[in-house]
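Residue strings, one per chain:
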Amino acid sequence: MSRRTVAWWFLLPSALVLGAVVAWPFVYNFWISLTDLGLYTIRDGAHFIGIQQYLRVFAEPDLYRYLLRTLVWTLLNVFFHVLIGVSIALILNRPLRGRSLYRALLILPWALPQYIAALSWRGMFNYEFGSINLLLAKLHFSPIPWLSTEVGAFAAALITNIWLGFPFMMVVALGGLQSIPREMYEAAEIDGAGAWWQLRKITLPLLRPVMMPAIVLGTIWTFNNLNVMWLVTNQGEPGDSSHILVTYVYKAAFNYYRYGYAAAFSVLIFLILLGLTWINYRQASRSTYGA
Amino acid sequence: MRTRLCSLGWHLLLILLVMATIYPVLQIFSISLRPSNALYSTSLRIIPEDASFESYRVILFEKPFWIWMRNSLIVSFATAILGVTLASTSAYALSRFELRGKNPMLFGILTTQMFPATMLLLPLYLLMRNLGLVNTLLGVVLAYTATALPFCTWTMKGYYDTIPRSLEEAGLIDGLDELGAFWRITLPLAAPALVITFLFSFLAGYAEFIVARTLLVSKDLYTLPLGLESLASTFQTEWANYAAGSLLVAIPVVALFLLLSRYLVEGLTLGGVKG
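Residues numbered from 1 in each chain as written. Chains lettered and ligands numbered in written order. Predicted model: local features only at pLDDT ≥ 70, side-chain atom pairs only at ≥ 80, totals over all residues.

Undergrad: I tried to follow the overall build of chain A on my own but got confused; where do I start?
TA: In terms of helices and strands, chain A carries 12 helices and 0 strands. Scanning chain A from its N terminus toward the C terminus, one meets helices and strands in the order α-α-α-α-α-α-α-α-α-α-α-α. Considering only C-alpha atoms, chain A reaches an extent of 75 × 70 × 30 Å along its principal axes. Relative to its 291 residues, chain A shows a buried fraction of 44%. At a minimum sequence separation of 6, the contacts of chain A that also span at least 24 residues come to 69%. (Helix = DSSP H or I, 4+ residues; strand = E, 2+ residues; numbered from the N terminus. Buried ≥ 20, exposed ≤ 12 C-beta atoms within 10 Å, placed from the backbone. Contact = placed C-beta atoms within 7 Å.)

Undergrad: Explain the overall build of chain B here, please?
TA: Assigned secondary structure in chain B consists of 12 helices and 0 strands. Listing every helix and strand of chain B by position from the N terminus yields α-α-α-α-α-α-α-α-α-α-α-α. Along the three orthogonal principal directions, the C-alpha set of chain B runs to about 70 × 70 × 30 Å. The contacts in chain B between residues at least 6 apart in sequence include a share of 76% that link residues at least 24 apart.

Undergrad: Sorry, what's going on with the interface of chain A and chain B here?
TA: Note on interface size: it is often stated as the accessible area lost on association of the parts. Counting residues at the interface gives 78 residues for chain A and 70 residues for chain B. With 17 residues, the top contributor of residues to the side of chain A that touches chain B is helix α1 (residues 3-32) of chain A. Its residues assigned to classes, the side of chain A that touches chain B shows 61 nonpolar, 14 polar and 3 charged. (Nonpolar A, V, L, I, M, F, W, Y, C, P; charged D, E, K, R; others polar.)

Undergrad: Please clarify how the packing of helix α3 (residues 63-92) of chain A against helix α9 (residues 195-223) of chain A should be interpreted in this entry.
TA: Residue and element names in this part refer to chain A. At their nearest, the axes of α3 and α9 sit 10 Å apart, and the two run at 145° to each other. Where α3 crosses over α9, the handedness of that crossing is right-handed. Taking contact as the criterion, the partners of T70, W73, T74, N77, V78, H81, V82 and V86 in α3 are, on α9, L207, M211, I215, G218, T219, T222 and F223. Looking at the contact of α3 with α9 residue by residue, the class counts come to 8 nonpolar, 7 polar and no charged. (Axes fitted to C-alpha atoms, helices over the stretch in contact; angles between N-to-C directions. Left-handed = near helix turned anticlockwise from the far one by under 90°.)

Undergrad: Explain the environment of K157 of chain B to me, please; I cannot follow it from the model alone.
TA: Here K157 of chain B lies in helix α6 (residues 137-162). Note: C-alpha distance between K157 of chain B and A190 of chain B (33 residues apart in sequence) is 9.9 Å.

Undergrad: Just checking my understanding: could you explain the environment of V140 of chain B for this structure?
TA: Residues and elements named next belong to chain B. Note on placement: V140 falls in helix α6. The class for V140 is buried, based on 27 C-beta atoms found within 10 Å. As a C-alpha pair, V140 and T214 span 74 residues in sequence and 9.5 Å in three-dimensional space. Those residues in contact with V140, other than ones at most four positions away along the chain, are V75, V211, A212, L215 and L216.

Undergrad: Would you mind going over the environment of M156 of chain B with me for this structure?
TA: Residues and elements named next belong to chain B. Along the chain, M156 falls in helix α6. Classification of M156 by C-beta neighbours within 10 Å gives buried; the count is 27. Other than its neighbours up to four places away in sequence, M156 contacts A87, S88, A91, A190, A193 and T197.

Undergrad: Sorry if this is basic, but what is going on with the confidence of the model for chain B here?
TA: Caution applies to low-pLDDT regions: their predicted coordinates should not be interpreted in detail. Residue and element names in this part refer to chain B. Scored by pLDDT, chain B comes out at a mean of 86, with 92% of its residues at no less than 70. The weakest mean pLDDT in chain B belongs to helix α11 (residues 224-233) at 83; the strongest belongs to helix α3 (residues 65-96) at 94. Interface confidence for the predicted complex, expressed as ipTM, amounts to 0.85; the pTM equals 0.89. (pLDDT = per-residue confidence, 0-100.)

Undergrad: Hey, could you run me through α3 of chain B in this one?
TA: For an α-helix the count is 3.6 residues per turn, leaving residues at separations of three or four pointing the same way. Over its 32 residues, α3 of chain B extends 45 Å from the first C-alpha to the last, a length consistent with the 46 Å expected when each residue adds 1.5 Å. Across the 32 residues of α3 of chain B, 23 count as buried, placing the element largely inside the fold. (Expected span 1.5 Å × (residues − 1).)

Undergrad: Sorry if this is basic, but what is going on with unusual backbone geometry here?
TA: Negative phi characterises most residues that are not glycine, and trans characterises most peptide bonds. All names here are of chain A. Here the bond from E237 into P238 is cis, since omega is -5°, no more than 30 degrees from zero. By secondary structure assignment, the location of P238 is in the loop between α10 (226-232) and α11 (245-254). Of note, N234 is a non-glycine position whose phi angle comes to about 50°, a positive value. Inspection of the secondary structure assignment puts N234 in the loop between α10 and α11. The residue D240 is not glycine, and still its phi comes out positive at about 55°.

So, in structure tokens, the structure goes:
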């Protein structure tokens, strides 16, 4: 077999699976977004109605609020994931006793299935009985109405998701730190450079190309994270005020059966994310190979 | 002296972090020990005064826990094996061969991660219905494989990129063909990334809820997440049972993670944005 033939045979099975289970539904969803498919039309067949669903999406008064909230949600999450993940990785990269035990314990949130973690945190944010408010009371703070206010619910979901997501960044950072050659630090020490200088001039710049792909992926996953927001705020409570884009669409599709509308909304979400990722990705490619 | 004080400080900080990390899990444990299925208690004690393991007995012997476990294990192992096979081959092609449109292909793979869940669920359901795969484990396995594949392909490709091409060339000179060089030389060297791919695909099947909810109808095909949810949503939520079930579900994956945490650090090379 020629090299080229081998390559194509290697790609084929993945392409088939992705084509059938991802690409085809994508096209089909686009078709649905141009119809009036809903609870009443799903039996008799939907009608083609052009871009009306898209017009409806753009006429949605809360669209920009949800979009803004999604952006803030993504930004804060990824920021704290990277900050906490990299900081812990830096500590664990020192010669400390028992560091593989620490590492194993700190990976725990990643291993725990998301829906279990989210429901447990929801219980902990309960106003009267949740352990967080009980703890605050012990420290003589007044209890916080986490789940019954817009800001509180957002903060609760944010804390939960930061907890869930930092181990991934930590692991990526640990891998990156191990790949930095020791000689660089030795050379810096001979030149009399302090710890802070080494961190800024050696560690962080060399960590950047390793972290960038993880950040691109993390941004995508957070932007589209349905589970955490949905479960912690119990479907957007209080009163549908705590939605991000994906939870709002999920509700429109599966609680209200507005399939055509949800399909159009999903396309819009995808396009926004595609734009964001493209910018991110370009920057990642540039930083990896030097501008 | 100063360094010793310093490392004591780091240990204190790490212990605090570990406590914050495992507290929510302890909380689940605490609920699982409450005898009256009570979710709420104003006590901060982890082990309640009237602690009992009754809910574990109920989950293990009175609920169809083992059927859910069996289904989940079938689904997860099938997804993992399929995921490793597909990702290790396609990533190899993307890492080693000069293909036209390679970068668009890599970005295209990334693109599939950007579809919101709502975008694929209904079409996926209709597709599976046409193929007769609704309410079959094969249907969910295919869906999970496709979900996990992009990340796994990226990880594998990043790792292959770190293995020198010259090793394979040496193999080719020694009389191996392209397939042999891949199978005998590169694949064994990529073991850490294969472990990650396996773990990640396994988890994609083990912990997923929404697709399973959409595609599986019969109770005897329920996977663990669906089974647990049925505890939470029946007439009255059995909180202690739910918590006990959650822990029993989490233990195998947590164990797997702990066992493999060394490989995690070695194998997770997402690098290689460019080809």
